[in-house]
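So the chains spell out like this:
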Amino acid sequence: ESIRPWDLALHNDILSGGAGGGSVPILADPERGTYALYLEKAGEYTLRLPKGNYALRWLDTVNCTEKPPERKSHAGGYFRTEATFAEAVLFLRRGR
């Protein structure tokens with residue numbers, strides 16, 4: 001299922017910590033478990049997410065490439081992930 005951008009709204013309260021501080025724009029539909037983040041700097045980011053199995057897709061906007069999709073199980077609470085390149089877009093989708 002694709003991400004439906006018209007269902008997303010700003011939810012910057014989801015980010016709990018990130019590389020270099022500052023704000024990170026987060027578009028999300030928490031009820032559907034859909035999240036899109038623009039991460040300007042490489043480094044570790046911590047999000048507050050509900051329990052679930054998540055599919056992650058990383059896009060490198062500088063080189064126009066996509067990393068292979070990842071799947072992660074999350075117990076709920078703080079979710080840590082790392083952007084290995086700057087100007088990344090991260091899409092997260094919680095499974096049903």
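Residues numbered from 1 in each chain as written. Predicted model: local features only at pLDDT ≥ 70, side-chain atom pairs only at ≥ 80, totals over all residues. Heavy atoms only, no water.

Visitor: Residue-level account of the confidence of the model for the protein chain, with values.
Guide: Looking at the protein chain as a whole, its pLDDT mean stands at 88, while 93% of the residues score no less than 70. When pLDDT is averaged over each element of the protein chain, strand β6 (residues 52–60) comes out on top at 96 and strand β2 (residues 15–17) at the bottom at 79. (pLDDT = per-residue confidence, 0-100. Helix = DSSP H or I, 4+ residues; strand = E, 2+ residues; numbered from the N terminus.)

Visitor: Kindly report on the side chain of Thr34, identifying the contributing residues and their values.
Guide: Following the sequence through the fold, Thr34 ends up in strand β4 (residues 34–39). At a separation of 3.1 Å, a polar atom in the side chain of Thr34 contacts the side chain of Arg93. Thr34 has contacts with Ile3, Leu8, Leu27, Ala28, Asp29, Leu92 and Arg93, leaving out every residue within four places of it along the chain. (Polar contact = N/O pair within 3.5 Å; in protein donor to acceptor, adjacent residues only side chain to side chain. Contact = heavy atoms within 4.5 Å.)

Visitor: Hey, could you go over the packing of aromatic side chains for me, with residue numbers and the actual values?
Guide: The full count for this structure, using the stated rule, is two aromatic pairs. Measuring from centroid to centroid gives 6.0 Å for Tyr54 and Phe79, while their planes differ by 45 degrees, and the two rings are tilted. Linking Tyr54 in strand β6 with Phe79 in strand β9 (residues 77–83), this pair joins segments that are 25 residues apart in sequence. Looking at Tyr54, the relative accessible area reads 1%, which means it is buried. What makes Phe79 buried here is its relative accessible area of 4%. Between Trp58 and Phe85 the ring centres are 6.4 Å apart and the planes differ by 75 degrees, which places this aromatic pair in the edge-to-face class. Within this pair, whereas Trp58 is found in strand β6, its partner Phe85 is found in the loop between β9 and β10 (88–94), the two being separated by 27 residues in sequence. In terms of burial, Trp58 and Phe85 fall into one category: buried. (Phe/Tyr/Trp six-rings, centres within 6.5 Å; stacked < 30°, edge-to-face > 60°. Buried < 20%, exposed > 50% of the residue type's maximum accessible area, 1.4 Å probe, protein only.)

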